[in-house]
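# Analysis of the macromolecular model
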Amino acid sequence: MNQKKLQSEQTKKKVAEAAGRLFAQKGYAATSIEDIVAVTGKSKGNIYYHFGSKEGLFLHLLDEWERGWRAAWSEKEPDLATIADKLGGMAEMMADDLNHPLAQAMNEFFGSEWDRSEVQASVSKYYADRIAFNREMLQTAMANGELAEDDARGLSIILEAVMQGLASISSQFG
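Notes on the structure follow. None of the values given here were measured: they were computed from a predicted structure.

### Considering the packing of helix H2 (residues 33-40) against helix H3 (residues 44-51)
Two elements in contact, H2 and H3, have axes whose closest approach is 9 Å; the angle formed by their N-to-C orientations is 110 degrees. When the axes of H2 and H3 are compared, the pair comes out roughly perpendicular. In this structure, H2 uses Ile 33, Glu 34, Ile 36 and Val 37 to contact H3, whose residues at the interface are Lys 44, Ile 47 and Tyr 48. Its residues assigned to classes, the contact of H2 with H3 shows 5 nonpolar, no polar and 2 charged.

### Considerations on the nonpolar core
Formed by 21 residues in total, the largest nonpolar core has its most connected members in Phe 23, Ile 36, Ile 47, Leu 57, Phe 58, Leu 61 and Phe 109. Contributions of two or more residues to this core are made by helix H1 (3-26), H2, H3, helix H4 (54-76) and helix H6 (103-113). The greatest single-element share of this core, amounting to 6 residues, is contributed by H4. Not counting the four nearest positions on each side in its chain, Phe 23 is found in contact with Tyr 28, Thr 31, Ile 36, Lys 54, Leu 57, Phe 58, Leu 61, Leu 102 and Ala 105. Counting residues in hydrophobic clusters, the runner-up holds 14 residues, among them Trp 73, Ile 83, Met 137 and Ala 141.

What counts and what doesn't
Residues numbered from 1 in each chain as written. Predicted model: local features only at pLDDT ≥ 70, side-chain atom pairs only at ≥ 80, totals over all residues. Heavy atoms only, no water. Axes fitted to C-alpha atoms, helices over the stretch in contact; angles between N-to-C directions. Helix = DSSP H or I, 4+ residues; strand = E, 2+ residues; numbered from the N terminus. Parallel < 35°, antiparallel > 145°, perpendicular 65-115°, else oblique. Contact = heavy atoms within 4.5 Å. Nonpolar A, V, L, I, M, F, W, Y, C, P; charged D, E, K, R; others polar. Core = buried A, V, L, I, M, F, W, Y, C linked by side-chain atoms within 4.5 Å. Buried < 20%, exposed > 50% of the residue type's maximum accessible area, 1.4 Å probe, protein only.

As structure tokens, this is what we get:
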């Protein structure tokens, strides 16, 4: 990677990290681009160049969160032999996600920015990816004889709905 590209990636990472801390501390709505400029010393133009908007920056942070989840799962999953172990492992990771620094800001973001098509597209992609992830896990369990052959797609949607419902209830009453 050439020096200019490396510098650009480092700037993007620095801005994202600082913005993540601000969103976690102040919430989504209370964090402005000016706040991010003040903390990072980077210009508005630099932030917009890398992320396009405040919303784009937040969506980037959510994508990083998901990539981190996937990486953690990849480390944990080989130690989980059965579908019961895997579902338990997913529940443990979901409990950890409820304490993620961006969890509150994410709920606020989706509540305030839902009408934006790019937000809806990002959420749709997230759920499609999670349902595909669930489906693969369930199909593997069916192939291994742990679960009866059934509609893996339908079950994967139900599983994701249950997990999201549990997360919602837990955040309200936990």
